[in-house]
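# Summary of structural features
Listed below are the residues making up each chain.
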Amino acid sequence: MKPYPFEYTRVSSLEEAVTLLQREDEPRIIAGGQSLVPILAMRLAAPSRLIDIGGLSALRGIERRGDVLRIGALARHAEVMASAEVAEAVPLLARAISHVAHPAVRNRGTFGGSVCLADPAAELPAVCTALGATFEVFGSDGLRTIPAREFFLDIYETALAPDEILVAAQLPVACPKERFGFEEIARRHGDFAIVGLAVRARMEGTLFAELDLCFFGASPRPVLAQNAARAVIGQELTDETQQAAVSALTADLDPQEDAQADAEMRLHLAGVLLKRRLAEIAGKERQQ
Amino acid sequence: MSEPRQSVSLTVNEERHDVTVPNRKHLADILREDLGFTGVHVGCEHGVCGACTVRIDGAITRSCLVFGVQADGAEIETIEYLSAQSETRDLVDTFVAENALQCGFCTPGMVISAAALLAETPDPTREEVRAYLSGNYCRCTGYQAIVDAVMMTAAGRRAAKGERA
Ligand SMILES: Cc1cc2nc3c(=O)[nH]c(=O)nc-3n(C[C@H](O)[C@H](O)[C@H](O)COP(=O)(O)OP(=O)(O)OC[C@H]3O[C@@H](n4cnc5c(N)ncnc54)[C@H](O)[C@@H]3O)c2cc1C
Ligand code: FES
Ligand code: FES
């Protein structure tokens, strides 16, 4: 469990990081290292140089800016979990974050690291996709933004160019008519999910006016189950609409087999999560 | 390729050490091999077992998931120091009294993690203890005695506070 040798630079500006990304043969950014160090220990990657962005204060902080909450790429999972701003402005994230890893890992792992790793079973990419977040990235042409829904391409693959760095995520602040749901099935608390679901809904009375269902661990990337959502949008939750939504998941998801579960089990569990979360959201609305 | 190295300054258990280390050497190996803190146990070396847990700048961290070069300037506390501090001494004693260890390999990481839990949540439920310690593997005890020891320490601290009040 020893990595291949590598050069190491702790950069003091984004520009310096971009220059190194362009100059090196096999550069790799390191943020919290909580995913990258295991990858290196198992020799699944052999970077020529690690570019440590941990000292860039421009990438830190969690800040409310009007109707978005801006989370710096270096915000640690533990900070997100402890943040009163997050709890108030983005309740879906507040619910999801305690499922990310274990306390010692949350003390170092960063929001940006989780987004850029793009593990298909990770919680934060799914939350960003469900909410329609926007990512700020910095590269040789300066700053640009990428919608979360166009960012996650495949297993460990994102829309980030090789010389780009994630700077921050902008998550829309929740409005009063919105409802959120989050659940995952994992063998142990803190493990990556076998299957998980992050939901954003807007209700009009008992009708689902808007519905975003983002599954993770159920496809090679976090996916919005649009067919399932269409089966419910504009309607009340009944046995029929619920069943139609569950049936539609076959068209929405592309579950893979791994050591934890086969594709059929993942599809089944996705249906179980969908039923439970829709019922919770519809139930909340009726109580009012 | 010759081995790239850098010199780093680490404060370990309140004492400063300057060492030159290979970039790829993780903090657990540096603490054990270069500085002699063998209470830092190395199990899996890829972040899953928790045996190498130490405190870095006050926060519990897996020392196998931090390269020494990333920790330049950090303040590190290991079990050698923490087990003598009042915030963990009672936990260690209760682990011993309750047979919460057999081979003891997981114990330094368990104790440091449990101490962090009790600092955040002085009155945890058994489920909270299990969830918090879910990242620390024990291959001997079956966890029951570990959870017992953490619960008893929490109860003992509350009782002690009650007596003083
Ligand atoms: C035991 C264990 C359990 C875990 N369980 C979970 C879990 O349940 N759910 C979960 O989501 N995660 C889990 N993780 C992973 C953890 O959340 C990581 O913190 C996270 O995936 C990566 O964040 P990091 O800051 O550590 O990134 P790093 O490991 O430093 O980097 C990860 C990747 O992102 C790139 N990168 C990092 N920051 C940037 C940036 N700003 N711009 C461009 N590229 C960047 C790196 O080059 C690398 O490829 C677990 C980890 C461990 C060790
Ligand atoms: S040795 Fe560090 S977590 Fe296992
Ligand atoms: S006591 Fe042996 S691993 Fe826990």
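Residues numbered from 1 in each chain as written. Chains lettered and ligands numbered in written order. Predicted model: local features only at pLDDT ≥ 70, side-chain atom pairs only at ≥ 80, totals over all residues. Heavy atoms only, no water.

### Structural notes on the overall build of chain B
Counting secondary structure elements, chain B contains six helices and five strands. Going residue by residue from the N terminus, the α and β elements of chain B occur as β-β-α-β-β-β-α-α-α-α-α. Here the C-alpha atoms of chain B give a radius of gyration of 17 Å, agreeing with the 15 Å that 2.2 N^0.38 yields for 165 residues. The principal-axis extent of the C-alpha atoms belonging to chain B is close to 60 × 35 × 20 Å. When the 165 residues of chain B are sorted by exposure, 55% land in the buried category. Considering only intrachain contacts with a sequence separation of at least 6, the fraction spanning at least 24 residues in chain B is 53%. (Helix = DSSP H or I, 4+ residues; strand = E, 2+ residues; numbered from the N terminus. Rg over C-alpha atoms; globule rule 2.2 N^0.38 Å. Buried < 20%, exposed > 50% of the residue type's maximum accessible area, 1.4 Å probe, protein only. Contact = heavy atoms within 4.5 Å.)

### Observations regarding the site of ligand 1
As a structural note, the neighbourhood of ligand 1 is formed by 34 residues, with A:I29, A:G33, A:Q34, A:L36 and A:T110 the closest of them. Around ligand 1 the close residues trace back to chains A and B. A:A31 has a polar backbone atom sitting 2.8 Å from an oxygen atom of ligand 1. Here an oxygen atom of ligand 1 and a backbone polar atom of A:G32 are 2.8 Å apart. Expressed as a share of its isolated accessible area of 970 Å², the protein-covered part of ligand 1 is 95%. The greatest single-element share of the shell around ligand 1, amounting to four residues, is contributed by helix 7 (residues 111–117) of chain A. (Near = heavy atom within 4 Å. Polar contact = N/O pair within 3.5 Å; in protein donor to acceptor, adjacent residues only side chain to side chain. Areas by Shrake-Rupley, 256 points an atom, 1.4 Å probe, with all protein chains shown as cover.)

### Some thoughts on the layout of surface pockets
Here the second largest pocket defines a volume of roughly 500 Å³. Breaking the lining of the second largest pocket down by element, the ones donating at least two residues are helix 3 (77–82) and helix 6 (103–106) of chain A together with strand 4 (59–62), helix 4 (107–120) and helix 5 (126–132) of chain B. The leading source of residues in the lining of the second largest pocket is helix 4 of chain B, at six residues. Class assignment for the residues of the lining of the second largest pocket results in 14 nonpolar, seven polar and five charged. (1 Å grid on protein atoms, 1.4 Å probe; cavity = no way out; pocket = protein on both sides within 12 Å on 5 of 7 lines; lining within 4 Å. Points joined across faces, edges and corners; volume = space filled by probe spheres on them. Nonpolar A, V, L, I, M, F, W, Y, C, P; charged D, E, K, R; others polar.)

### Observations concerning the domain arrangement of chain B
Residues and elements named next belong to chain B. As assigned here, chain B comprises domain 1 (5–82) and domain 2 (87–160). Measuring from the centre of the C-alpha atoms in domain 1 to the corresponding centre in domain 2 gives 22 Å. Contacts between the two partners involve 16 residues from domain 1, matched on the other side by 14 residues from domain 2. Of the roughly 1200 Å² buried at the junction of domain 1 and domain 2 (both faces included), carbon and sulfur atoms supply 61%. When the area that domain 1 buries against domain 2 is broken down by residue, the three leading residues are I60, I79 and L82, summing to 36%. Counting across the interface, domain 1 meets domain 2 through one salt bridge. Residue R55 pairs with E87 through a salt bridge whose shortest N-O separation is 3.3 Å. Between the two partners, domain 1 and domain 2, sit six residue pairs in polar contact (both at pLDDT 80 or more). Elements with a contribution of two residues or more to the side of domain 1 that touches domain 2: strand 3 (53–56), strand 4 and helix 2 (79–82). No other element matches strand 3, which puts three residues into the side of domain 1 that touches domain 2. (Domains from an automatic or database assignment. Buried area = accessible area lost by both parts, 1.4 Å probe. Salt bridge = Lys/Arg side-chain N within 4 Å of Asp/Glu carboxyl O.)

### Observations regarding unusual backbone geometry
Residue and element names in this part refer to chain A. The phi dihedral of R43 is positive, around 55 degrees, even though this residue is not glycine. Locating R43 in the fold gives a position in the loop between helix 2 (36–41) and strand 3 (49–52). Residue classification places R43 among the partly exposed residues on the basis of a relative accessible area of 37%. The backbone of A101 shows a phi angle near 55 degrees, a positive value even though the residue is not glycine. As for its placement among the helices and strands, A101 is situated in the loop between helix 5 (91–97) and helix 6. For A101, a relative accessible area of 17% corresponds to the buried category.

### Focus: the packing of helix 3 (residues 86–97) of chain B against helix 4 of chain B
All names here are of chain B. The N-to-C vectors of helix 3 and helix 4 enclose an angle of 125 degrees; their axes lie 10 Å apart at closest approach. With respect to each other, helix 3 and helix 4 are oriented oblique. Crossing geometry of helix 3 relative to helix 4 is assigned as right-handed. Across from E87, T88, L91, V92 and F95 in helix 3, the residues of helix 4 making contact are T107, M110, V111, A114, A115 and L118. Across the contact of helix 3 with helix 4, the residue classes break down as eight nonpolar, two polar and one charged. (Axes fitted to C-alpha atoms, helices over the stretch in contact; angles between N-to-C directions. Parallel < 35°, antiparallel > 145°, perpendicular 65-115°, else oblique. Left-handed = near helix turned anticlockwise from the far one by under 90°.)

### Quick notes on the sheet that holds strand 10 (residues 165–172) of chain A
All names here are of chain A. Reading across the sheet, the five strands line up as 4-5-10-6-7 and stay open at both edges, with antiparallel pairing between neighbours. At either margin of the open sheet sits one strand with a lone partner, and together these are strand 4 (62–65) and strand 7 (142–147). Going from strand to strand, the sheet's axes swing by 25 degrees on average, the running direction of each strand aside. Bridge count between strand 4 and strand 5 (residues 68–72): four bridges; the pairing is antiparallel. Its bridge partner being in strand 5, I62 is matched across the sheet by I71. In this fold helix 1 (residues 14–23) packs onto strand 6 (134–139) and strand 10, with an angle of close to 125 degrees to the strand it touches most, strand 10. (Pairing = 2+ DSSP bridges.)

### Points about the interface of chain A and chain B
One frequently used descriptor of interface size is the decrease in accessible area upon assembly of the parts. Across the boundary between the two partners, chain A contributes 30 residues, which contact 27 residues of chain B. A buried area of about 2500 Å², summed over both sides, lies between chain A and chain B, and 59% of it is on carbon and sulfur atoms. It is A:P5, A:Y8 and A:R108 in chain A that bury the most area against chain B; as a group they hold 22% of the surface buried on that side. At the junction of chain A with chain B, the criterion picks out two salt bridges.

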